Every structure is written in C-alpha cells, then in structure tokens.
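# An overview of the molecular structure
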Amino acid sequence: MGANDSADADGKCHNSNEDDTIGRMSETNNDNLWPAPTADGPLNATVTIPGSKSLSNRYLILAVLGAKPVTLVGLLRSRDTELMMGALSALGVRCDIDPENDTTVTVTPPESGRFSGNVGVYCGLAGTVMRFVPGLALFADAPVRFDGDDQAYARPMQPVLDGLEQLGARVEYHGEHGRLPFTITPPRHDGEQADDGSAAAKVSIDSSGSSQFISGLLLIGSRLPGGLELRHTGEKMPSLPHIRMTVADVNGAGGNATADEESRVWRVGHAALQLPERVVVEPDLSNAAPFLGAALIAGGTVRVPHWPVETTQPGGLLPGYLERMGARVSFPEEDGVRYCEVSGDGHVHGLGDFDLTAAGEIAPSLAAILAFADAPTRMLGIGHLRGHETNRLEALVTEITRIGGEARELEDGIEITPVPVERLHGEVMESYADHRMATFAAMIGLAVPGVRIVNVETTRKTLPDFVGMWTGMLER
Ligand SMILES: O=C(O)C1=C[C@@H](OP(=O)(O)O)[C@@H](O)[C@H](O)C1
Ligand SMILES: C=C(OP(=O)(O)O)C(=O)O
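Only a predicted model underlies this, so the values are computations on that prediction, with no experimental measurement involved.

## Quick look at the side chain of R131
Inspection of the secondary structure assignment puts R131 in helix α3 (residues 127-137). No salt bridge is formed by the buried R131. Its closest oppositely charged neighbour is E389, at 7.8 Å. Apart from the residues within four sequence positions on either side, R131 is in contact with R155, P156, M157, V160, S210, Q212, F213, G216 and G387.

This is the structure:
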C-alpha cells in the first residue's frame, strides 16, 4: 500500500491519494544508495511475480463501470494500483481489501452509477491512472481535478484529453497546455448512460505517443449513448498488444469492442458493462523480465510460476525474445502449475535490428541483457519511450556510458554496442524515479561489481518488494 494508505478493521481502503509520495523523484544522496548484488555463480531460483499492473488497473476501471461488486484476486498492490484505487475512492467507489489477503480486493461502484465530482485525483507517475481515469470524469457530477508527481508533468496527455473534449468535456490546463495538472468538466448530463439510438460518437486522435490514449477512450466507450468510433490518425502505433488487451478486457466485461487495425479504427458499442463476480489477475509478465533476464547475464536457471498459456500481456513475447538472445526456454508443469523456465550459459547473442514496437515497456530490461551480448543491437520502434516515466532512451544511453559501455540514441530507438565486460566498472547509477531504470541497473550489477543504485525504492511503482525478490533470487 502507499505510505499514507491503510486498511481499517473492516478492510475499507482509506487512500489519501493526494498525499502519496512513494517513489517520487528523490535527490541523489549517499544515504539512498542500494549496493546491487553481483551473482557469484549460476542462478537456480524460482521467483513469484505479483499481479500485472496493466491488467490490475484495467480491471479496476472496468469494475467501477459495472453495477455490481467485483472481487479481483491476485491484484497488484504497488504504487500504481494504490494510486488507481485512491483515484476511484475519490470518485466515490468502495475498495474493500480482504483482511486475510491484501491482493484480494472487492470493488463496489457507486450506486447511482455517477461518480463524485469536485474532487482531486492524484496520478503520481502512473500512465494508466493519468490516461485511464480522465475518461471516468466524463460521468462525474462535477469537475474533477487531476495532478501528479512533478516528473509526470513531462508526460504527454493531450490526445486522450482532446478525445474527451470531442465527447463534450471541457479541459482546463493549469500548467503547460496538454500536460498535468488539469481539470475536466463533464458535459451536462441528461441520462446519457442509456442507449438512445444515437450514432456512435466519432473521435480522432493521434496516439503515436502512447497506446494508453486509445485504451483510455476504449475503456469508457461502452457507456456513451451510441458507443464510440475511435480513429488513430498518427503514423506510429506503439504497444498494440496493450490496445488488444483493452479490447479483450472490455469484451470480457460484456462489451462489444472491435478493432480494424489496418484502418486504425476501433468501435465500441453501447453496453452495460459487468465484469464477472470474481476475476483472477495474471502475474506481470513484463516484471518477469529482470528476473528471467538474470539467467542470461549470470547463467543458470530462473523459473516464474503461473505463466499463462495464453495472454494479452506484451510480456508474453518475452520468452521468444530471450530465446533469440540464446536462452533455453521451456514451460514445465508441476502440480498443475505452469512455469516459464529460462536457462542461460552466460553467453548472449546480439540481435542486430530488433523491432520492439509491440513491447516497449520491456526495453530497459532487454537493454541490460544486450549490454553483455556478442554483437550490437538496435532496438527500434520505441521513440515514444522518451515520454515514459523518464526519457528512457536518454537515460539508458547515459547509464550504459557511465559504466564504460557504448550506446547511442537513434531517432526511433537505441543502439547498444557491447564492450568486453572487463571494461565495465561499477558506479552510482541513477534510477530517475523510474522503476524499470532501477531494475535495469540491478541487472547490470549482476555482472559488474560496485554498482550502487539511487532510490531503488522507486521499483514500488509496480513491484512492492523488488529488493527482497532480487536478493531472494541470488540466495543459494
Ligand atoms: O496500457 C498499458 O497498460 C500500458 C501501455 C504501454 O504504454 P505506452 O503505449 O505508452 O508504451 C506500456 O508501456 C505501459 O507500461 C502500460
Ligand atoms: C511505461 C510504463 O508505465 P506507465 O503505465 O506509467 O506508462 C512502464 O511501466 O514501463
């Protein structure tokens, strides 16, 4: 849970959302350095990964768009999901945490179906909160103000807000145009939640900067009187699996969402959404990347249990990517549990030109592995990572260069040219308040002694106990 959050005896979630400070950018100071452990031999570990951030925060949104309570099992409990629950609580939703198991949360939508306005929503640095919750403000009874971490002010927001304006909302920017903080005033309501036979609302946005702009609008499309027809006008379309995940999840809640990816048009019919009474969240497969990738860097074997046979998560592409880098990958089943098992012998193949448009969020973890490869890699299709938690392309180049490696930014990605590991040296590595830059540095530290990481706690964005999991993986 967040630093200021607590569950009382009846499990009701109190979330002083606006005071959340965990994971905020912290100053570099020597009290805040974590010595990243090196691997002193091949690994042999099984690592259980908490619930998927992307699925957890989609299910939370879809649960509140229904009419009946929904119990989410295996929900991620990390900064990004606390921020989401805090946002929903502010809007009048109940989140009851099971006192026996804090990853089981029951979400009860407001009885009226209308969200409380005249409230503030604190987004932290969470893309899924800042891009998914504004859509709910369309159905609030008064304006909703959104704010976030200072670093969040740099993240692009405008396309999703342009979309909401096309749907009748008014958006007032309090800082830079197109960025946090802002206030959304919902359109005047006259029972728009019913299907009044009107045509689908047509919205056009440029979603080249983030797939979350499209997802944020598709999530609420079912509630519009005639549904939604959403057109993406831009050139690039990053993270398509995340958009497919949204379509699948809307349909899993009884919606009618379809995609014409070639024409870049998505349609969502008007529908009363209702997730099943109980929904089980898959482990976060992108968060498995540092751990499974560790087997390639250090050698040995790492297993992740509960690996789904089929998934909408882009992390489902990870085993294939690791195989291309030289890993042996298998999916053994033991006592009904399916594992992803990755083994490495310390040798990593470079990938040459490598299109990562589909799964940009795992770029930092792959970069850490590829810094130890036998040949260069150009990870392409990820220019939009400049608008992630930090400018990840710049951050990766800075950190690889800092330890004596070679990398450079490309217009649409990053080129990593490995150097012999003896030339790499441990340094204080920045994490930029970015969970994936912190785990990137920890991966480097497996093979480069003396790495110390600034503010490793920033991993709480999506992993409540990264340090415990990492040191557990290295225990023999
Ligand atoms: O919808 C989602 O859950 C996400 C979409 C992706 O965003 P971008 O399309 O901005 O990369 C991904 O990187 C992010 O971690 C999660
Ligand atoms: C880009 C990411 O996060 P967000 O959901 O904040 O966009 C990420 O987790 O890599």
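## Description of the site of ligand 2
The full set close to ligand 2 counts 14 residues, and K53, G127, R155, R436 and K461 are the nearest of them. In the environment of ligand 2, an oxygen atom lies 2.7 Å from a nitrogen or oxygen atom belonging to the backbone of G127. The side chain of E389 places a nitrogen or oxygen atom 2.8 Å from an oxygen atom of ligand 2. In the complex, 97% of the free accessible area of ligand 2, which totals 300 Å², lies under the protein chains. Under a 2 Å grid-point criterion requiring more than half of the atoms, the pocket assigned to ligand 2 is the largest cavity.

## Details of the domain arrangement of the protein
Segmentation of the protein into domains returns domain 1 (17-50 + 283-474) and domain 2 (53-270). Each of domain 1 and domain 2 was reduced to a C-alpha centroid, and the two centroids are 29 Å apart. Applying the counting criterion to the domain 1 and domain 2 interface returns three salt bridges. The salt bridge involving D412 is made with K236; its shortest N-O contact spans 3.9 Å. For the interface between domain 1 and domain 2, the tally reads eight residue pairs in polar contact (both at pLDDT 80 or more). Each residue belonging to the side of domain 1 that touches domain 2 can be placed in one class, and the counts come to nine nonpolar, ten polar and ten charged.

Cut-offs applied
- Residues numbered from 1 in each chain as written.
- Chains lettered and ligands numbered in written order.
- Predicted model: local features only at pLDDT ≥ 70, side-chain atom pairs only at ≥ 80, totals over all residues.
- Heavy atoms only, no water.
- Helix = DSSP H or I, 4+ residues; strand = E, 2+ residues; numbered from the N terminus.
- Buried < 20%, exposed > 50% of the residue type's maximum accessible area, 1.4 Å probe, protein only.
- Lys, Arg positive; Asp, Glu negative; His and termini not counted.
- Salt bridge = Lys/Arg side-chain N within 4 Å of Asp/Glu carboxyl O.
- Contact = heavy atoms within 4.5 Å.
- Near = heavy atom within 4 Å.
- Polar contact = N/O pair within 3.5 Å; in protein donor to acceptor, adjacent residues only side chain to side chain.
- Areas by Shrake-Rupley, 256 points an atom, 1.4 Å probe, with all protein chains shown as cover.
- 1 Å grid on protein atoms, 1.4 Å probe; cavity = no way out; pocket = protein on both sides within 12 Å on 5 of 7 lines; lining within 4 Å.
- Sits in = over half its atoms within 2 Å of the grid points.
- Domains from an automatic or database assignment.
- Nonpolar A, V, L, I, M, F, W, Y, C, P; charged D, E, K, R; others polar.

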